[in-house]
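Tertiary structure, described
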Amino acid sequence: MVIVMGFEGSANKIGVGIVDDKGTVLSNPRKTYITPIGQGFKPNETAQHHRQHILALVKQALTEANLTVTQIDALAYTKGPGMGAPLNCVALVVRTLSQLWHKPIIGVNHCVGHIEMGRVVTGARNPVILYVSGGNTQVIAYSNKRYRIFGETIDSAVGNVLDRFARMIELPNDPSPGYNIEQEAKKYDGTDLIELPYIVKGMDVSFGGFLTFLEYNVVKSQKYSKAQLCFSVQETIFAMLVEITERAMAHIGSSEVLIVGGVGCNQRLQRMMHDMAIQRQATVYGMDSRYCIDNGAMIAWAGLLAFTSDESYSKHEKNDDSSYDALKESTVTQRFRTDEVLVTWRDD
């Protein structure tokens, strides 16, 4: 049995997860850096938070999984994309543990981690993927060893838009701005939808103008309640996302949709996607906050898939001659496209 420990710290979540080669999550503790109302999270302060918690999370993950260090076969970490300082502090810890424990290191694309976690948890085989988070908004489908991007945001990510909107109307960041928007929207009866910009350009979406219009033409007018604002923002943004997802499904003839990323926890988004899928005789696969939100297990699982399918890792493990150098390769990058990853573990 192969067991991998994964480290995720690309944004305001720091998580350490352990999975085995059957896709069983053995442990998955995490901590969230939460800022006061009206504030976002800065890279250096977020990295400081991660440094304070990461070693305790490593111990907690081993304890919950009832494992010792000797039973861990490899260490996986988020290589990117993400915020530079948090990524670097986690990578430093992984490099150190690799040398102390004599374990190989696997760098994981954060986006691919979300996708593979979604596939193993839900059982989706070859879905169109809507990946929506604080830093990414993409419609993705697999083809010929790559996760191909069919459409994406051309400016701000949807999660970032929701975070900034929450700051505009002074919603708290605990447990997350998006969650609090969702709860506030449930208070409104839906009788009057505020007309907001609906910007779909082919397979891409745009939120920059949406956010500007929302702030200066709607929020500052003080004509609407927080509940009505949250309801209208959700309905408009999610309709845009459902539209481009459906177009991708039609293009490739898919009957499956998988929603991943932190925004994917939103029950209203899942419901709107479900309503669309019913009309296409398709199935929607969604997850709850355990796996939608950034976590260490998703990095561990994607790392395990790469570790067991990529020859360079297996040669390193057997101490054979190999061009793979764990420390040399354990870099981070803030820009790491989903379609840059060669998906060695899929043959379909």
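Coordinates for the structure precede this section.
With that settled, the discussion passes to the pairing of strand β2 (residues 13-20). The element β2 is extensively covered by neighbouring structure, given that eight of its eight residues are classed as buried. Neither face of β2 is exposed, since Lys13, Gly15, Gly17 and Val19 on one face and Ile14, Val16, Ile18 and Asp20 on the opposite face are all buried. Strand direction decides the pairing type here: strand β1 (residues 3-8) and β2, joined by six bridges, are antiparallel. When the sheet's bridge partners are listed, Ile3 is paired in β2 with Asp20. Taking the residues that link successive antiparallel strands as the turn, the β1-β2 hairpin has four residues. Looking at chain direction, β2 and strand β3 (residues 25-27) are connected through two bridges and run antiparallel. Across the sheet, Ile18 pairs through a bridge with Ser27, a residue of β3. Linking two consecutive strands that pair antiparallel, namely β2 and β3, is a turn of four residues; a positive phi of about 85° is found at Gly23 within it.

Another point: the packing of aromatic side chains. This model, assessed by the stated rule, comprises two aromatic pairs. With centroids separated by 5.6 Å and ring planes inclined at 65°, the aromatic side chains of Tyr142 and Tyr147 adopt a geometry described as edge-to-face. Note on accessibility: Tyr142 and Tyr147 belong to one class, buried. Consider the rings of Tyr188 and Phe231, whose centres lie 5.4 Å apart with planes at 50°: the pair is tilted. Note that Tyr188 is positioned in the loop between α5 (177-185) and β10 (200-201) and Phe231 in helix α7 (residues 226-252), a separation of 43 residues in sequence. Both residues of the pair, Tyr188 and Phe231, belong to the buried class. Taking NZ or CZ as reference, Arg346 lies 3.9 Å from the ring centre of Tyr142, over its face.

Attention now goes to the nonpolar core. Burial of nonpolar side chains together is a common tendency in soluble globular proteins. Ranked by internal contacts, the top residues of the largest apolar core, which has 48 residues, are Phe165 and Ile237. Those elements that provide at least two residues to this core are β7 (128-132), α4 (158-168), α5, α6 (208-218), α7, β12 (256-260) and α8 (267-279). Among the elements that make up this core, the one with the highest residue count is α7 (13 residues). Beyond its immediate chain neighbours, meaning those up to four positions away, Ile237 contacts Val158, Val161, Leu162, Phe207 and Phe210.

About the criteria used
Residue indices follow the written sequence of each chain, beginning from 1 at its first position. Given that this is a predicted model, residues contribute local features only at a pLDDT of at least 70 and side-chain atom pairs are listed and counted only at 80 or more, while totals for whole chains, interfaces and linings are drawn from all residues. Each side-chain value is derived from all of the structure's non-hydrogen atoms; neither hydrogens nor water enter the calculation. When a residue's accessible area, from a 1.4 Å probe over protein chains only, is under 20% of the maximum for its type it is buried; when over 50% it is exposed; and in between it is partly exposed. Counting from the N terminus, the helices are DSSP H or I runs at least four residues long and the strands are E runs at least two residues long. One requirement defines pairing of two strands: DSSP has to find at least two bridges between them. By convention, a stacked pair of Phe, Tyr or Trp rings (six-membered ring in the case of Trp) has centres within 6.5 Å and planes under 30 degrees apart, an edge-to-face pair has planes over 60 apart, and any other such pair is tilted. Charge-over-ring placement is defined geometrically: NZ (Lys) or CZ (Arg) within 6 Å of the ring centre, and within 35 degrees of the ring normal. Take the buried Ala, Val, Leu, Ile, Met, Phe, Trp, Tyr and Cys residues and link them wherever side-chain atoms come within 4.5 Å; each set so joined is a nonpolar core. Contacts are assigned to residue pairs with any non-hydrogen atoms lying within 4.5 Å of each other.

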